[in-house]
Amino acid sequence: CDRAFSTSGNMNTHKLSHTGDREFPCNHCDKSFHTSRNLKTHKLSHTGDKKFTCNQCDKAFSRSGNLKRHKLSHTGEKEFACNQCKKAFSQLGHLKTHKLLHTGEKEFFCTQCNRVFSTSNNMKTHKILHTGEKKFACTQCDKSFPTSSNLKKHKLSHTGEKKFSCNQCDKA
C-alpha cells in the first residue's frame, strides 16, 4: 500500500494489517487483534467503565475517540469525500473501505479456499463459514448463527418488523 512510517516498528505493526493474522484474541468475545496494545484498548469495552458521555443523547463510551466519532452522527458532518464519486463519510476508515469498490483491490485471501476480500473484517467473517461455528444464539428459539449480524436479521422474524418499505407501493 502507499502508507509510509517514521519507524520500522510502526511499519512492521502496520504490515500485520495486510496479513489478516490477529495473534491477540480477546478472552471475552470472538474478536482478535494485530497488537497487544489494540487488545488492551478493546478490553475496555467489556469492563462497563464508560467515562465519556455524549452531551446530546447520553450515550456513553469507554474511549474518548469513540465519543468524538459518535458526535458526528448528531451533526451529520461528513468531511471525508470520495474523489471519484463524491460520496462522503464521517470517518476516514469508511472512506478508505469505500474506495476499494472503485479500485477492485482485494488483498486479503482465505487460506482454505483462496477467495479474496477487500477488508480483513470481511475475510474474518468468511472464515467462520469454514468452521461451521455458530456462536450467536437466538434467545427466543433454538437457532444459532455464525455472525451477530445474521442473528440480528433473524430476530426481525420474531418481531415481524420490516425496516424497509417500497416507496412506490405498500409492500414492506
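Keep in mind it's a predicted model, so treat the numbers as computed, not measured.

About the thresholds
- Residues numbered from 1 in each chain as written.
- Predicted model: local features only at pLDDT ≥ 70, side-chain atom pairs only at ≥ 80, totals over all residues.
- Heavy atoms only, no water.
- Helix = DSSP H or I, 4+ residues; strand = E, 2+ residues; numbered from the N terminus.
- Areas by Shrake-Rupley, 256 points an atom, 1.4 Å probe, with all protein chains shown as cover.
- Buried < 20%, exposed > 50% of the residue type's maximum accessible area, 1.4 Å probe, protein only.
- Contact = heavy atoms within 4.5 Å.
- Salt bridge = Lys/Arg side-chain N within 4 Å of Asp/Glu carboxyl O.
- Expected span 1.5 Å × (residues − 1).
- Disulfide = S-S within 2.5 Å.
- pLDDT = per-residue confidence, 0-100.

Undergrad: Can you explain the overall build of the chain? Please cite residues and give values.
TA: Along the chain, the regular secondary structure elements total 6 helices and 10 strands. The principal-axis extents of the C-alpha atoms in the chain amount to approximately 55 × 40 × 40 Å. Only carbon and sulfur atoms are counted for the fraction: they give 48% of the accessible area of the chain, which is about 12900 Å².

Undergrad: Can you explain the side chain of H14? Please cite residues and give values.
TA: Tracing the backbone through its elements, the reader meets H14 in helix 1 (residues 8-19). On the basis of relative accessibility, which here comes to 16%, the residue H14 falls in the buried class. Not counting residues up to four positions away in its chain, the partners in contact with H14 are C1, R3 and F5.

Undergrad: Quick rundown of the pattern of salt bridges? Include the residues and the values.
TA: Under the criterion given, the structure shown has 1 salt bridge. A salt bridge links K135 to E133, with the nearest nitrogen and oxygen atoms 3.9 Å apart. Residue E133 is classed as partly exposed on the basis of its relative accessible area, which comes to 38%.

Undergrad: Explain the environment of S144 residue by residue, including any values.
TA: Considering the arrangement of structural elements, one finds S144 in strand 10 (residues 144-145). Separated by 24 residues in sequence, S144 and Q168 have C-alpha atoms that sit 35 Å apart. The contact partners of S144, leaving out residues within four places of it in the chain, are K134, F136 and A137.

Undergrad: Go over helix 2 (residues 36-47), please, and point to the residues and values.
TA: An α-helix turns once per 3.6 residues; consequently, residues spaced three or four apart project the same way. Here helix 2 contains 12 residues, and its C-alpha end-to-end distance of 17 Å stays within 8% of the 16 Å for a straight helix at 1.5 Å per residue. Within two residues after helix 2, G48 carries a phi angle of roughly 80°, on the positive side.

Undergrad: Could you give an account of the state of the cysteines, with specific residues and numbers?
TA: If you walk through the whole model with that rule in mind, you get 0 disulfides. Note on C82: no disulfide assigned, nearest cysteine sulfur contributed by C85 at a separation of 3.8 Å.

Undergrad: Just give me the short version of the environment of K71, but keep the residues and values in it.
TA: Relative to the elements of secondary structure, K71 occurs in helix 3 (residues 64-75). K71 gets classed as partly exposed once you look at its relative accessible area, which sits at 31%. K71 sits 17 residues away from C54 along the chain, and the two C-alpha atoms are 7.1 Å apart.

Undergrad: Which residues make up the side chain of H34, and what are the values?
TA: Following the sequence through the fold, H34 ends up in the loop between strand 2 (32-33) and helix 2. Apart from the residues within four sequence positions on either side, H34 is in contact with L16, S17, D21, R22 and F24.

Undergrad: Which residues make up the confidence of the model for the chain, and what values do they have?
TA: Low pLDDT means the predicted atomic positions in that stretch should not be read closely. Mean pLDDT for the chain: 85, with 98% of residues reaching 70 or above. Mean pLDDT per element in the chain: helix 1 is the minimum at 81, and strand 3 (residues 52-53) is the maximum at 92.

Undergrad: Any details on the environment of S118? Residues and values, ideally.
TA: Position of S118 among the secondary structure elements: in the loop between strand 8 (116-117) and helix 5 (120-131). Judged by its relative accessible area of 21%, S118 falls in the partly exposed class. If we skip the residues at most four places from it in the chain, S118 touches L100, E105, K106 and F108.

Undergrad: Quick rundown of helix 3? Include the residues and the values.
TA: For helix 3, spanning 12 residues, the distance from its first C-alpha to its last is 17 Å, which sits close to the expected 16 Å at 1.5 Å a residue. Those residues of helix 3 that sit buried are N66, L67, H70 and L72. As for helix 3, its buried residues are in contact with strand 3 and strand 4 (60-61). Just beyond helix 3, the residue with positive phi is G76, at close to 75°.

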